[in-house]
Amino acid sequence: MADRQQALARNLQAVRQRIAHAAESASRDPASVTLVVVTKTWPASDIRLLAQLGVQHVGENRDQEAAPKAAQLTDLALEWHFIGQLQTNKVRSVATYATVVESVDRTRLVRTLDQAALSQNRRLRCLIQVQLDSTPGRGGATPTKVPELAQQLADSQLLEVAGVMGVAPLGEDPLVAFGRLADVASELRRDHPEAVIISAGMSGDLEAAIACGATHVRVGSAVLGHRPPVG
Ligand SMILES: *Cc1c(COP(=O)(O)O)cnc(C)c1O
């Protein structure tokens, strides 16, 4: 466990340095970038070590895995970001622990999320996941659908339209993809000035994301190591 803590501390420091350098290169305050550590496939014990190292935001992409981990860690003041494709039958569970749902991409999901938030009496910050490639089916709303989803969130009772999330497509320059996301984000802010979050960038492309204005980066393997194969 001591070895694991040392490895996580070292990796975390390296990632924080990358974030700081990228922010400085973009003439941005490093404090304007929030690190969300993506802990999918790693045990709750790792999350506890990360919390001891100052991590406040964690990201998970499967409710079956995230719900039991969150239940074991209720003593920690963590913000849980749900970052995976969200099936409507998982929404009630996700609404019990998530503070941010980053993968809102369809109107039916907004309705279900609002109902779940109401039954828990919890506010949920929502990001609209924007599809940045032309291959449908990998999650995310097309940029043309964003205004409608944003209005639906704004009209809901307990959901907040907090910004956008995107994943750069493989094989494309991430600066170009994240540039498109930044354009979608600035258009969104014209109607919803409170929607200031841009969640973009992972272990391999966080610098490009920060150059394009990301306020949140979602980093997994650079902190935790290469994920064990999902069983
Ligand atoms: C797994 C995942 C990440 C983290 O990816 P790494 O390459 O391990 O940093 C970020 N965002 C989403 C949506 C993910 O599913």
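Owing to the predicted nature of the structure, the values given are computational and were not obtained by experimental measurement. (Residues numbered from 1 in each chain as written. Predicted model: local features only at pLDDT ≥ 70, side-chain atom pairs only at ≥ 80, totals over all residues. Heavy atoms only, no water.)

## A look at the packing of aromatic side chains
Alright, step 1. The full count for this structure, using the stated rule, is one aromatic pair.
Alright, step 2. A ring pair is formed by Trp 80 and Tyr 97, whose centres lie 6.3 Å apart and whose planes are at 80°; its orientation type is edge-to-face. Here Tyr 97 lies in helix H4 (residues 91-97) and Trp 80 lies in strand S3 (residues 79-82), a separation of 17 residues in the sequence. By the burial criterion, Trp 80 is buried, and Tyr 97 matches it.
Alright, step 3. For Arg 4, the ring lying beneath its charged end belongs to Trp 42, and the centroid distance is 4.8 Å. (Phe/Tyr/Trp six-rings, centres within 6.5 Å; stacked < 30°, edge-to-face > 60°. Helix = DSSP H or I, 4+ residues; strand = E, 2+ residues; numbered from the N terminus. Buried < 20%, exposed > 50% of the residue type's maximum accessible area, 1.4 Å probe, protein only. Lys NZ or Arg CZ within 6 Å of the ring centre and 35° of its normal.)

## Re the packing of helix H5 (residues 107-120) against helix H6 (residues 146-155)
Alright, step 1. Two numbers describe how H5 lies on H6: the axes approach to 10 Å, and their chain directions differ by 15°. If you check the angle between H5 and H6, you find them roughly parallel. Our pair here, H5 against H6, has a crossing hand that is right-handed. For the pair formed by H5 and H6, the contact residues are Thr 107, Val 110 and Arg 111 on the first element and Glu 148, Leu 149, Gln 152 and Leu 153 on the second.
Alright, step 2. In the contact of H5 with H6, the residues fall into three nonpolar, two polar and two charged. (Axes fitted to C-alpha atoms, helices over the stretch in contact; angles between N-to-C directions. Parallel < 35°, antiparallel > 145°, perpendicular 65-115°, else oblique. Left-handed = near helix turned anticlockwise from the far one by under 90°. Contact = heavy atoms within 4.5 Å. Nonpolar A, V, L, I, M, F, W, Y, C, P; charged D, E, K, R; others polar.)

## Remarks on the nonpolar core
Alright, step 1. Residues Leu 113, Phe 178, Val 217 and Val 223 are the most contacted members of the largest nonpolar core, which totals 69 residues.
Alright, step 2. In this structure Val 223 touches Leu 8, Asn 11, Leu 12, Val 15, Val 37 and Leu 50, once residues within four positions along its chain are discounted.
Alright, step 3. Counting residues in each nonpolar core, the second largest holds five residues, with Val 100, Leu 127, Ala 162 and Ile 197 among its members. (Core = buried A, V, L, I, M, F, W, Y, C linked by side-chain atoms within 4.5 Å.)

## Overview of helix H3 (residues 63-72)
Alright, step 1. Restricting attention to buried positions, one finds in H3 the residues Asp 63, Glu 65, Ala 66, Lys 69 and Ala 70. Summarising the axial view, the buried residues of H3 lie within an arc of 155°, below the 170-degree limit, and thus occupy one face. Those residues of H3 that are exposed and angled more than 90 degrees off the buried face are Ala 71 and Gln 72.
Alright, step 2. Turning to H3, the residues buried within the fold contact helix H2 (44-52), strand S2 (57-60), S3 and H4. (Arc of directions from axis to C-beta.)

## A look at the pattern of salt bridges
Alright, step 1. Counted by the stated rule, this structure contains eleven salt bridges.
Alright, step 2. Across the salt bridge formed by Arg 123 and Glu 160, the nearest N and O atoms sit 3.3 Å from each other. Of this pair, Arg 123 sits in the loop between H5 and strand S5 (124-129) while Glu 160 sits in strand S6 (residues 159-165); the two residues are 37 residues apart in sequence, bridging distant segments of the chain.
Alright, step 3. With relative accessibility at 30%, the residue Glu 160 sits in the partly exposed group.
Alright, step 4. Here the salt bridges share partners, and the residues they tie into one network are Glu 60, Arg 62, Glu 65 and Lys 69. (Salt bridge = Lys/Arg side-chain N within 4 Å of Asp/Glu carboxyl O.)

## Structural notes on the side chain of Ser 156
Alright, step 1. Along the chain, Ser 156 falls in the loop between H6 and S6.
Alright, step 2. A distance of 2.6 Å separates a polar atom in the side chain of Ser 156 from the backbone oxygen of Leu 153.
Alright, step 3. Among the polar contacts made by the side chain of Ser 156, one reaches the main-chain amide nitrogen of Leu 159 at a distance of 3.2 Å. (Polar contact = N/O pair within 3.5 Å; in protein donor to acceptor, adjacent residues only side chain to side chain.)

## Structural notes on the site of the ligand
Alright, step 1. Around the ligand, the neighbouring residues are Val 38, Lys 40, Ile 83, Met 202, Ser 203, Arg 218, Val 219, Gly 220, Ser 221 and Arg 227.
Alright, step 2. Contact between the ligand and Ser 203: an oxygen atom at 2.5 Å from a side-chain N or O atom of the residue.
Alright, step 3. Contact with the protein chains covers 87% of the free accessible surface of the ligand, which is 390 Å².
Alright, step 4. Judged by the fraction of its atoms near the pocket grid, the ligand is located in the largest pocket. (Near = heavy atom within 4 Å. Areas by Shrake-Rupley, 256 points an atom, 1.4 Å probe, with all protein chains shown as cover. 1 Å grid on protein atoms, 1.4 Å probe; cavity = no way out; pocket = protein on both sides within 12 Å on 5 of 7 lines; lining within 4 Å. Sits in = over half its atoms within 2 Å of the grid points.)

## Considerations on helix H7 (residues 174-191)
Alright, step 1. Counted at 1.5 Å a residue, the expected span for H7 with its 18 residues is 26 Å, and the 26 Å between its end C-alpha atoms agrees.
Alright, step 2. By the burial criterion, the buried members of H7 are Ala 177, Phe 178, Leu 181, Ala 182, Val 184, Ala 185 and Leu 188. For H7, the buried positions fall inside an angular range of 165° around the axis, keeping them on one side. Exposed side chains of H7 directed beyond 90 degrees from the buried face belong to Asp 183 and Arg 190.
Alright, step 3. The secondary structure elements touched by the buried residues of H7 are H6, S6, strand S7 (197-199) and helix H8 (206-211).
Alright, step 4. With a side-chain oxygen positioned 2.9 Å from the backbone nitrogen of Leu 175, the residue opening H7 is Asp 173. (Expected span 1.5 Å × (residues − 1).)

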